[in-house]
Amino acid sequence: MQLIQETADLSAYLAADEVIDHGHPRVRETAARLARDVADSYEYARAAFEFVRDTISHSQDVGDPRVTWRASDVLEQGTGICYAKAHALAALLRAEDIPTALCYQKFDVVHGLVAVRFHGAWHRQDPRGNKPGVDARFSLDGERLAFATDPDAGELDHPVLYAAAHPAVVSALKAATDRVHLMRTLPTAL
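How each quantity is defined
- Residues numbered from 1 in each chain as written.
- Predicted model: local features only at pLDDT ≥ 70, side-chain atom pairs only at ≥ 80, totals over all residues.
- Heavy atoms only, no water.
- Salt bridge = Lys/Arg side-chain N within 4 Å of Asp/Glu carboxyl O.
- Buried < 20%, exposed > 50% of the residue type's maximum accessible area, 1.4 Å probe, protein only.
- Helix = DSSP H or I, 4+ residues; strand = E, 2+ residues; numbered from the N terminus.
- Polar contact = N/O pair within 3.5 Å; in protein donor to acceptor, adjacent residues only side chain to side chain.
- Contact = heavy atoms within 4.5 Å.
- Phe/Tyr/Trp six-rings, centres within 6.5 Å; stacked < 30°, edge-to-face > 60°.
- Core = buried A, V, L, I, M, F, W, Y, C linked by side-chain atoms within 4.5 Å.
- Axes fitted to C-alpha atoms, helices over the stretch in contact; angles between N-to-C directions.
- Parallel < 35°, antiparallel > 145°, perpendicular 65-115°, else oblique.
- Left-handed = near helix turned anticlockwise from the far one by under 90°.
- Nonpolar A, V, L, I, M, F, W, Y, C, P; charged D, E, K, R; others polar.

### Quick notes on the pattern of salt bridges
At step 1: Evaluated as defined, the whole model comprises 11 salt bridges.
At step 2: The salt bridge partner of Arg 70 is Asp 73, with a shortest N-O separation of 3.3 Å.
At step 3: Between Arg 144 and Asp 135 there is a salt bridge; the shortest N-O distance is 3.4 Å.
At step 4: A residue is classified by how much of its surface remains accessible, and Arg 144, at 38% relative accessible area, is partly exposed.
At step 5: Taken together, the shared-partner salt bridges in this structure form one network comprising Glu 18, Arg 70, Asp 73 and Lys 174.

### Considerations on the side chain of Thr 100
At step 1: Looking at the secondary structure, you find Thr 100 in strand β4 (residues 100-106).
At step 2: Judged by its relative accessible area of 0%, Thr 100 is buried.
At step 3: From its side chain, Thr 100 meets the backbone oxygen of Ile 98 in a polar contact 2.9 Å long.
At step 4: Residues in contact with Thr 100, not counting those within four places in the same chain, are Tyr 13, Ala 90, Leu 93, Arg 94, Val 114, Ala 115, Val 116 and Trp 122.

### Quick word on the packing of aromatic side chains
At step 1: Inspection of every chain in the model, using the stated rule, returns six aromatic pairs.
At step 2: Among the aromatic side chains, those forming a connected cluster through ring pairs are Tyr 42, Phe 49, Phe 118 and Phe 138.

### Here's the deal with the nonpolar core
At step 1: Among the nonpolar cores identified, the biggest contains 46 residues, and Tyr 44, Tyr 83, Leu 92, Leu 93, Leu 102 and Tyr 104 are the most heavily contacted of them.
At step 2: Those elements that place two or more of their residues in this core are α1 (25-36), α2 (41-55), α4 (71-77), α5 (82-95), β4, β5 (110-118) and α6 (167-175).
At step 3: If one sorts the elements of this core by residue count, α5 sits on top with 11 residues.
At step 4: Not counting the four nearest positions on each side in its chain, Leu 102 is found in contact with Ile 20, Ala 86, His 87, Ala 90, Leu 113, Val 114, Val 160, Leu 161, Tyr 162, Ala 164 and Ala 165.
At step 5: Counting residues in each nonpolar core, the second largest holds 10 residues, with Leu 3, Leu 113, Ala 115 and Trp 122 among its members.

### Focus: the packing of α1 against α5
At step 1: One can describe the packing of α1 onto α5 by two numbers: an axis separation of 9 Å at closest approach and a directional angle of 65°. Here α1 is positioned roughly perpendicular relative to α5, judged by the angle of their axes. Crossing handedness for the pair α1 and α5: right-handed. On α5, the residues that touch Val 27, Arg 28, Thr 30, Ala 31 and Leu 34 of α1 are Ala 91, Leu 92 and Ala 95.
At step 2: Its residues assigned to classes, the contact of α1 with α5 shows six nonpolar, one polar and one charged.

Note that every value here comes from positions in space, so none of it alone points to a role or purpose.
Printed below as a string of structure tokens:
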């Protein structure tokens, strides 16, 4: 699949906003801690990915009722669904000047992930968290996402690389009173 940048301006994929708030002290502190133990930006990206995948619980998997959407809140509360975890990873990567896009897959509902830019190319990564039947890994040598789409079943990979979280995603997250409510109102299309 050919990934398509929403904008040609790479600085847009480093920007902070209300959702990807990488200037927040909690994001900066976490990024600095992760960066201390690595030799280069590639190792940092892997460490940040594994941190979000393995230490931020996927709220649906663990039955956590809280809904998080802002990267700093995801890191503080330690929970979120796929979108929130993607927001946290994007903030951690952008905090260390790694261009990061938000991207999506369409199943019954829209699934959120990120793409990182290394060696002049974008590489999709899925930090949603592993569980039986899901084995997502950080990779620049072919995708190791949580889920593969089945076009025959109407599933698809959205090719657009967004500089900011999609408004439909942000609206659903902000409007949800709890995770159960959110699961009933997840976007089914972008």
